[in-house]
Every structure is written in C-alpha cells, then in structure tokens.
Amino acid sequence: MNATTQTHAPAQTQALPRTFADMGLNPALLQALASENYTIPTPIQAQSIPDVMTGRDLLGIAQTGTGKTAAFALPILHRLAANRVAPLPRTTRCLVLSPTRELASQIAESFKTYGKHLGFRVAVIFGGVKYGGQERALNQGLDILVAAPGRLLDHIQQKNLDLSATEIFVLDEADQMLDLGFIKPIRQIVSRIPAKRQNLFFSATMPGEIGKLAAELLKDPKRVQVTPQATTVQRIKQSIVWVEQGRKRALLTEMFSDPGYTRCLVFTKTKHGADKVAAYLEAGGVEAGAIHGNKSQPQRERTLEAFKKGKLRVLVATDIAARGIDVDGVSHVVNFELPYVPEAYVHRIGRTARAGADGTAISFVAGDEMKLLKDIEKVTRQKIPAIDRRNDKALGALDAAISAAGVGKKATLPEREDRPARDRDGEARGNRNRRGPKPGGAGAGGRGPGRSPDRPHYNPMAGDRPEGSAPAPVSQMKRRRRRPGQKPATGTAS
C-alpha cells in the first residue's frame, strides 16, 4: 500500500486532544512538560501523539518549527516507560536518524528534557568528533540513540552497535537526507533493524524518491500534514532587494545600522562565503559569527550558544549547518545569496516568526540569480515584492570606503550555477571543486576515491566514511606544498 496516499476516515470524527493531559501521557512526562510551561500541543502534536502512543506507524509532512520533535519524542518516551526493558550492551531500543549534527544534538536534548524524570539512557553520535565517548555510550546499551547516518554506519561496521533489538525507528528530515545522498546508507541501516518495529517518518516535502522510501518503510501509517507542501509562513514579511553581487556586503553593513535588526540569521551558499561575510560584519562593528561544516563541533556549539544568549547579533550560516538551529526571537532572516534548491528558501525563512511572533525575510538578488528567484516564486506560489538598489551611489560610496579601509577585499569568485558538490557532512564545497571530477572515476576535484551519485562525500582526514568504502591513501590525505627548488622530504608520510 502506498504510504503517501492512504487516508483514515476516523481522523475526521475523532476530537483532537486540547491539552497534553488529555492524551493520557505518563505522569513523569506531564511533570517535565509543566516545568517547561508546555500545556497546549501544536497541531502536529495533537494529531500524532495519540496514534504513536498505540504503536502505529506515522507519516508526518511538516517543516522545522512545527513542534514535530515533541510529536515523536513524547509518545516514544511513553511507550518505552510502559514496557521497561534494560537495554543490552551495544544495543538501542529506539533509533532516530538525523541529517546534521546540530539537529541530532537538538533532538537528543529534547529527549533528555522531556524524559528527565524517567532515567532513560540517551546518546547522540555524529562525525567530526572522537569515537571514544561514543563507543563508551554504546557499550552501556541505550534506550534512545540519535545519530547521523555516516558515523552510525562506521560504528555498526566496527561492531560497536547491534540494531537487532531496536523497537522504534524514526527518520527525520527525510527530504534533506535525499539531498545529502543518504538514501542508500539509510536502506543499509534499516536492513539491520527487525522487520517488526514501529516506523515514524518525517519530511518537509515529498519528492518522488522520498515517497518511494516512505512506502517501503511504513505499514498502515497515520498521515499528518500540518502545512501545505512548500508554502511559507504567513507571518513572515518577505521582500527582495536587487543589488550587484559585489555590493551585497555593503548593503548588509548598511542594514545593520538599524537597531531593529536585533537577532538575525544570514544565509550564504558556501562555507568560505559564510566566514567572509562574518568577518566583514565584525570589522564593521557588528557582533557576528559563522557556523558551517568546517568548524569543529565545539566551535559550532559555542557560536550557536553565543547567538542564543544574545552575545552575537548575527549568525552567518550555510543551509546544512542551520538545519537544526531552533532559536527563539530571530527577528530577521537575510538570504545573502539565494539557495540552489527553492525548498531550502522555505526552510531558511522559517527560522523567524516562530511561536506566533512576526518576522522578516529579506533576500539579496543579483542579476545572475534571476532563475533561482523565479524557481522560488514558483514553488511558494507568490510574487515577492522587490526594491531596486542597483547603481545606488550610497552603496557604492560605502563599499569604496570599506575597501579603502582594507576590510573584505574583493568578494569571492563567481559561484557555479549548477548544484555544488557536497562534503561528507553535506556542506557545499564551493570554489575548490570548480574543475569537476578528474578522468578515471575520481571524486570531485580528484580528491578521494570514486563514488556513486547516491553515496555521500566523506572526509578521509576525519575517518568518517560510509560502510564499504576505503580511506584515501596517506599521500592523498596530506600533501605538503614545496617551494621552488626545495627537495622532497625523505622517509614515509605520517
């Protein structure tokens, strides 16, 4: 049966619960919710939690910010508490797959917050950090494991984890998993979980491949769709500014002279671009930080925490790094560059106007981004109002003054119009892959071994690689650049 088309008549007649107490949740969960001042469920929570509590599969079509984490975390905790079983070493009763580090950390934190009176073992694993702590957590046995697919497969391959006792499987942000090339690894992981299990499947959009995956995984699911596919939040005031590519940073600097821009997210297409924009703003006296895949996990966590506490006024991010960011009080989202995928625009601007608040989304659009804008307006089914700042003398003077001061000399090289290659953690690689794959099946830019289109990129230096792939030889992992006339170093590479 096709999971994406099934409907259920009883849902039309059954009244939805008005409070969490009406759902019959475990008293320990209600106590935790009360301490967080959560009493009224969101639409996706009201529609999902009662069915998930009974063990039914779920297909949830919802964007980030709708409360979907609690929609699966609360009933999962309720079910595990109703049937307490001590997990065996190297097993987990519940597995949640997430596409990014930030989102995985956020989900794990939600489980800990809601389940703080239940005493369950919760752990999160992803790439970019050392294996030791993750191995120790897996050795103890877990009630709930939140993981990114790449590092999870590594632990399975090293026999640190056995999924044969997993009772509940959650796939979050399935459309983002598709974009990152994780569909094949997901199928490898699912093949190791018992067929008799509960499946919870969440996606903001339902492209064909995701619909096919949902049909494979789900059995007689409850379908919940809380927002129309690829529509934007009504409370967000959207606008675009036509401006030359080389003057975008001057426009951004001018914008932040307005104190009304209190807590702002700025999106760029590449990691290098995010760093340059953040540095440019910092030099102009605006407290800014960048978050992306090249930052270490502690760096990312410190920057995000500073943004949450108001120590940073601006957070500059790439799409993948921002996927798990859930920060209240974001006043503005600025698209410094338009995304290649129109659905990403919906995710970006959804970071503002949360919890009933209003918000503003502004997009800087250069002449070579016309097609990207048309795609966005087609998907969102609306014409976004625009103002024209091209050939603006004030911006030209500001840009000249900043350039004369030596800040942010000349913008990045022109971006490719096709979709960028992606790193192992899903970030756009940017300019260093401009030449494309070398002959003979090598990966993008000739770095690392060849790969199929559905296999995610990986970082051989971090040892984070999909199951069955060999690490790059040391000679590829670390090459020292020699000065003219310098002799090669002797001995073996280290």
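Residues numbered from 1 in each chain as written. Predicted model: local features only at pLDDT ≥ 70, side-chain atom pairs only at ≥ 80, totals over all residues. Heavy atoms only, no water.

1. Description of the overall build of the protein chain
Of regular secondary structure, the protein chain possesses 18 helices and 14 strands. For the protein chain, the proportion of its 494 residues judged to be buried stands at 54%. In the protein chain, 74% of the contacts between residues at least 6 apart in sequence involve partners at least 24 apart. Roughly 22,600 Å² of accessible area belongs to the protein chain as shown, and the carbon and sulfur atoms make up 51% of that amount. (Helix = DSSP H or I, 4+ residues; strand = E, 2+ residues; numbered from the N terminus. Buried < 20%, exposed > 50% of the residue type's maximum accessible area, 1.4 Å probe, protein only. Contact = heavy atoms within 4.5 Å. Areas by Shrake-Rupley, 256 points an atom, 1.4 Å probe, with all protein chains shown as cover.)

2. A look at the sheet that holds strand E9 (residues 264-267)
Sheets are built from strands that pair by backbone hydrogen bonding, the pairs being arranged parallel or antiparallel. Strand order in the open sheet formed by seven strands is E10-E11-E9-E12-E13-E8-E14, with parallel pairing between adjacent strands. Bordering the open sheet on either side are strand E10 (288-291) and strand E14 (386-388), each of which pairs with just one other strand. Here the average twist between neighbouring strands, direction ignored, is 20 degrees. Pairing geometry for E9 and strand E11 (residues 314-317), over four bridges, is parallel. Paired with Leu 265 across the strands is Leu 315, a residue of E11. Across the sheet, helix H12 (residues 271-283) touches E9, E10 and E11, and the angle it forms with E10 is around 170 degrees. The strands touched by helix H15 (residues 342-349) are strand E8 (236-242), E9, strand E12 (332-335) and strand E13 (359-365); relative to E12, the strand with the most contacts, the crossing angle is about 150 degrees. (Pairing = 2+ DSSP bridges. Axes fitted to C-alpha atoms, helices over the stretch in contact; angles between N-to-C directions.)

3. A word on the nonpolar core
Soluble globular proteins tend to bury their nonpolar side chains together. Counting residues in each nonpolar core, the largest one holds 41 residues, and the members touching the most others are Leu 25, Phe 72, Leu 74, Ile 76 and Phe 111. Elements represented by at least two residues in this core include exactly helix H2 (27-35), helix H3 (43-53), helix H4 (68-82), strand E2 (92-97), helix H5 (101-114), strand E4 (142-147), strand E5 (168-171) and strand E6 (198-203). With nine residues, H4 is the largest single contributor of residues to this core. Discounting residues that sit within four places of it in the chain, Phe 72 has contacts with Val 96, Ile 107, Phe 111, Val 170, Asp 172, Leu 200 and Phe 202. (Core = buried A, V, L, I, M, F, W, Y, C linked by side-chain atoms within 4.5 Å.)

4. Here we look at the side chain of Thr 253
Secondary-structure assignment places Thr 253 in helix H11 (residues 248-255). For Thr 253, the contacting residues outside a window of four places in its chain are Tyr 280, Leu 281, Leu 398 and Ile 402.

5. Some points on the confidence of the model for the protein chain
On average, residues of the protein chain score 78 in pLDDT, and 75% of them reach the 70 mark or higher. With pLDDT under 50 throughout, residues 1-13 is counted as low confidence; its partners more than four residues away or in other chains account for 23 contacts. Long-range and interchain partners of residues 408-484, a stretch whose pLDDT sits below 50, account for 156 contacts in this model, where long-range means more than four residues apart. (pLDDT = per-residue confidence, 0-100.)

6. Focus: H4
Here H4 spans 22 Å end to end across 15 residues, near enough to the 21 Å set by a 1.5 Å rise per residue. Most of H4 is tucked away: 13 of the 15 residues are buried. (Expected span 1.5 Å × (residues − 1).)

7. Topic: the environment of Asp 172
Along the polypeptide, Asp 172 turns up in the loop between E5 and helix H8 (174-179). Residue Asp 172 is classed as buried on the basis of its relative accessible area of 0%. Taking C-alpha positions, Asp 172 is 7.6 Å from Pro 99, a pair spaced 73 residues apart along the chain. Residues within four places of Asp 172 in sequence aside, it is in contact with Lys 68, Phe 72, Leu 97, Pro 99, Leu 103, Ile 107, Met 177 and Phe 202. Within the structure, the side chain of Asp 172 is placed 2.7 Å from the side chain of Lys 68, a separation counted as a polar contact. (Polar contact = N/O pair within 3.5 Å; in protein donor to acceptor, adjacent residues only side chain to side chain.)

8. A few points about the packing of aromatic side chains
Evaluated as defined, the whole model comprises four aromatic pairs. Judged by centre distance (6.2 Å) and plane angle (45 degrees), the ring pair of Phe 72 and Phe 111 falls under tilted. In this pair, Phe 72 is assigned in helix H4 and Phe 111 in helix H5, connecting sequence segments 39 residues apart. Aromatic side chains Phe 72 and Phe 202 sit 5.3 Å apart centroid to centroid with 45 degrees between the ring planes, which places their arrangement in the tilted category. (Phe/Tyr/Trp six-rings, centres within 6.5 Å; stacked < 30°, edge-to-face > 60°.)

9. Quick notes on the sheet that holds E5
Taken in spatial order, the seven strands make up an open sheet running E3-E4-E2-E5-E6-E1-E7, and their pairing is parallel. Two strands in the sheet have a free side with no partner beyond their single neighbour: strand E3 (122-125) and strand E7 (222-225). Across the sheet, the mean angle separating the axes of adjacent strands is 15 degrees when strand polarity is ignored. Pairing geometry for strand E1 (residues 58-61) and E7, over four bridges, is parallel. Across the sheet, Ile 61 pairs through a bridge with Gln 225, a residue of E7. Against the sheet, helix H6 (residues 132-140) makes contact with E3 and E4, and its axis sits at roughly 145 degrees relative to E4, the strand it touches most. Against the sheet, helix H7 (residues 149-157) makes contact with E2, E3 and E4, and its axis sits at roughly 130 degrees relative to E4, the strand it touches most.

10. Comments concerning the pattern of salt bridges
Tallied over the entire structure, the rule returns 19 salt bridges. Between Glu 36 and Lys 116 there is a salt bridge, with the nearest N and O atoms lying 3.9 Å from each other. Within this pair, whereas Glu 36 is found in the loop between H2 and H3, its partner Lys 116 is found in the loop between H5 and E3, the two being separated by 80 residues in sequence. Residue classification places Glu 36 among the partly exposed residues on the basis of a relative accessible area of 31%. A salt bridge links Glu 216 to Arg 187; the nearest nitrogen and oxygen atoms lie 3.0 Å apart. Of this pair, Glu 216 sits in helix H10 (residues 208-217) while Arg 187 sits in helix H9 (residues 183-190), and the two are 29 residues apart along the sequence. Given the relative accessible area of 29%, Arg 187 is considered partly exposed. (Salt bridge = Lys/Arg side-chain N within 4 Å of Asp/Glu carboxyl O.)

11. Side note on the environment of Ala 174
Of note, Ala 174 is situated in helix H8. Along the chain, Ala 174 and Phe 201 lie 27 residues apart, while their C-alpha atoms are 7.4 Å from each other. Apart from the residues within four sequence positions on either side, Ala 174 is in contact with Phe 201, Phe 202, Ser 203 and Ile 210.

12. Details of unusual backbone geometry
Backbone geometry places Asn 37, a non-glycine residue, at a positive phi of 65 degrees. Relative to the helices and strands, Asn 37 resides in the loop between H2 and H3. A relative accessible area of 68% means that Asn 37 is categorised as exposed.

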